Amino acid sequence: MRVGIIGAGQLGRMLALAGYPLGIQTRFLDPNANGSGGQVGPVVVGEIDDAARIDALARQVDVVTFDIENVPVDTLRAGTADSIVRPPPEALSIAQDRLNEKQLFGRLNIPAAPYMPIASLGDLERAPDALGWPIVLKARRLGYDGRGQRLVQSAAELEVAWRELGRVPSLAEGWVDFERELSLIAVRGSDGATAFYPLAENVHVDGILHTTTAPYQDERTQSRAEDYLALMLAELDYCGVLTVEFFLADGELMANEIAPRVHNSGHWTIEGAQTSQFENHMRAIVGLPLGGTSPTGFSFMLNLIGELPDRERLLKIAGLHLHDYGKTPRPKRKIGHCTLVTATEEERSVRADELIAVAGIP
Ligand code: AMP
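Calculation notes
- Residues numbered from 1 in each chain as written.
- Predicted model: local features only at pLDDT ≥ 70, side-chain atom pairs only at ≥ 80, totals over all residues.
- Heavy atoms only, no water.
- Domains from an automatic or database assignment.
- Contact = heavy atoms within 4.5 Å.
- Salt bridge = Lys/Arg side-chain N within 4 Å of Asp/Glu carboxyl O.
- Polar contact = N/O pair within 3.5 Å; in protein donor to acceptor, adjacent residues only side chain to side chain.
- Helix = DSSP H or I, 4+ residues; strand = E, 2+ residues; numbered from the N terminus.
- Nonpolar A, V, L, I, M, F, W, Y, C, P; charged D, E, K, R; others polar.
- Near = heavy atom within 4 Å.
- Phe/Tyr/Trp six-rings, centres within 6.5 Å; stacked < 30°, edge-to-face > 60°.
- Buried < 20%, exposed > 50% of the residue type's maximum accessible area, 1.4 Å probe, protein only.

A. Up close: the domain arrangement of the protein chain. On domain assignment, one finds that the protein chain holds domain 1 (2–85), domain 2 (114–174) and domain 3 (180–358). When each unit is reduced to the centre of its C-alpha atoms, the spacing between domain 1 and domain 3 is 22 Å. On the domain 3 side, the residues contacting the 18 residues of domain 1 number 22 residues. As a salt-bridge pair, Arg261 and Glu69 come within 2.8 Å of each other at their nearest N and O atoms. In this structure, the connection of domain 1 to domain 3 is made through seven residue pairs in polar contact (both at pLDDT 80 or more). If one sorts the elements of the side of domain 1 that touches domain 3 by residue count, helix H1 (residues 10–19) sits on top with seven residues. Here the residues of the side of domain 1 that touches domain 3 are counted per class, giving nine nonpolar, six polar and three charged.

B. Quick look at the site of the ligand. Not every one of the 14 residues close to the ligand is listed here, only the nearest: Lys138, Gln149, Glu173, Glu181 and Glu257. Between Lys138 and the ligand, the recorded distance is 2.8 Å, taken from a side-chain N or O atom to an oxygen atom. In the model, a nitrogen atom of the ligand is placed 3.0 Å from a nitrogen or oxygen of the Gly174 main chain. The set of elements that each furnish at least two residues to the shell around the ligand consists of strand E7 (135–139), strand E9 (170–174) and strand E15 (252–259). Here the residues of the shell around the ligand are counted per class, giving five nonpolar, four polar and five charged. Each of domain 2 (114–174) and domain 3 (180–358) accounts for three or more of the residues forming the shell around the ligand.

C. Quick peek at the packing of aromatic side chains. Evaluation of the coordinates by the stated rule reveals two aromatic pairs. When the ring of Phe178 is compared with that of Phe247, the centres are 4.9 Å apart and the planes differ by 0 degrees; the resulting orientation is stacked. Linking Phe178 in the loop between E9 and strand E10 (180–188) with Phe247 in strand E14 (residues 240–249), this pair joins segments that are 69 residues apart in sequence. Note on Phe178: relative accessible area 33%, which makes it partly exposed. An angle of 35 degrees between the planes, with centres 6.2 Å apart, marks the rings of Tyr228 and Phe246 as tilted.

Okay, structure coming up:
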């Protein structure tokens, strides 16, 4: 069983590491042979938007997957004409365009923030009449970790936001006064078997995920989120891990974004669930039975952003798991994460405070 991963970032690295014990060999396609993934597996060196290099990778493996979302879908299809690609490229093309995402939510009757497609400054100037203030202007494509979006608080700021975003096709979104941000991770096997992890609660700072606390225990919300993901999995004839980020507002879920891949808000599953999201993605795409998704305790995950805190001080925290992605430190860059799994919620909160005291808040 050989899996080809387009992109060799930390997600690819953790997928590869999860595959080894199952006897799954991985190789990557990435311009950088020595990056996060390249440090743990062989790399076909090339650009991820080069169909010939994708084809070179695909010929060496049984199934192709990806650890990043900006692989051009037409190029992916051209480079994998004779190969199995999981998750389906269709899911990627939806996740790459916020308008496609909104239309998917609409088609499946999944609640989401109100929005308007924006193609011109004129469109944007009309948006507040329908959406109220403030609005969030989001580029339709290539936004991640808070990039490619602007909060607009008044009419005077509209033109600046439009210019700063590069006058690209966008969405204007109504502001959601949410209580919490939650995400749900599902995995679907090639035979259609499906499993859901428990909901996780996420805190973002400057648009970048800072912490995840799991499980978020609320049966009604869990079951509603599972219903929504089940609709998406069926609609997309999905195989692999699918993540959906939600806002919880007035006790109801609103879908915000989908990621057709393993997700930062699921890193806690490495130590905090029976089977990690990475292992389950690998199991699903090579056609193995899925593993259990139950939590093994109360988990807290903290992203390490920009630079690594003192390793020794971190590791002195009882039960702490450190994941150093082997990346060069850079402001706002995710370079690692820490996970704590405890037997009680009280213990989690004590340990989490210790961790935040060492790692700081970005
Ligand atoms: P996104 O790239 O859409 O995931 O947005 C990044 C973060 O910005 C979200 O996780 C929220 O914290 C915040 N955000 C995005 N859209 C909205 C909105 N319509 N209302 C309130 N907060 C938002």
